[in-house]
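The primary structure of each chain is shown beneath.
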Amino acid sequence: MTESITPEVSDRICRHMNDDHADAVLLYAKTFANAGEATAAKMLSIDALGMDLLTQVNGTETSVRIEFDHPLQGAEDAHHTLIDMVKLARQIGK
């Protein structure tokens, strides 16, 4: 059985992504939130349907929501989905 995406799990995922994968978070913003001019992004929360990011464009912070292509089944699905999304974003960016 997979771990549900509770607020605590969301916080853990966000902390990990922001601390260890800030480049991926920025890539999500640029690719999936049409924030191509973003210079920074921070993951604020994640739930079964999407993730909320705070982007910085031209010195202005803007909140954006990125919807997933399917409802996440739990934390493990979130892990795989985030990896798949960064791979896709890198392909799109080529």
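Rules and cut-offs
- Residues numbered from 1 in each chain as written.
- Predicted model: local features only at pLDDT ≥ 70, side-chain atom pairs only at ≥ 80, totals over all residues.
- Heavy atoms only, no water.
- Salt bridge = Lys/Arg side-chain N within 4 Å of Asp/Glu carboxyl O.
- Buried < 20%, exposed > 50% of the residue type's maximum accessible area, 1.4 Å probe, protein only.
- Helix = DSSP H or I, 4+ residues; strand = E, 2+ residues; numbered from the N terminus.
- pLDDT = per-residue confidence, 0-100.
- Contact = heavy atoms within 4.5 Å.

**Topic: the pattern of salt bridges**
The full count for this structure, using the stated rule, is 4 salt bridges. In this structure, the salt-bridge partner of E3 is R12, at a minimum N-O distance of 3.1 Å. Relative accessible area serves as the criterion here: at 39%, R12 is assigned to the partly exposed category. Between R65 and E67 there is a salt bridge, with its nearest N and O atoms 3.1 Å apart. Residue class for R65 comes out partly exposed when judged on its relative accessible area of 32%. The class of E67 is exposed, set by a relative accessible area of 51%.

**Side note on unusual backbone geometry**
Its identity is not glycine, yet N34 carries a phi of approximately 55°, on the positive side. Here the phi dihedral of N58 falls at roughly 50°; this positive angle occurs in a residue that is not glycine. If you trace the backbone, N58 turns up in the loop between β2 (50-57) and β3 (60-67).

**Topic: the confidence of the model for the chain**
Overall, the predicted model of the chain reaches an average pLDDT of 94, with 97% of residues at or above 70. Within the chain, the element-level pLDDT minimum falls on helix α3 (residues 75-93), averaging 94, and the maximum on strand β1 (residues 40-46), averaging 98.

**Notes on the environment of A33**
Within the secondary structure layout, A33 lies in the loop between α2 (22-32) and β1. A33 gets classed as buried once you look at its relative accessible area, which sits at 18%. Residues A33 and V57, spaced 24 residues apart in sequence, show a C-alpha to C-alpha distance of 12 Å. Setting aside chain neighbours within four positions, we find A33 in contact with Y28, V64 and I66.

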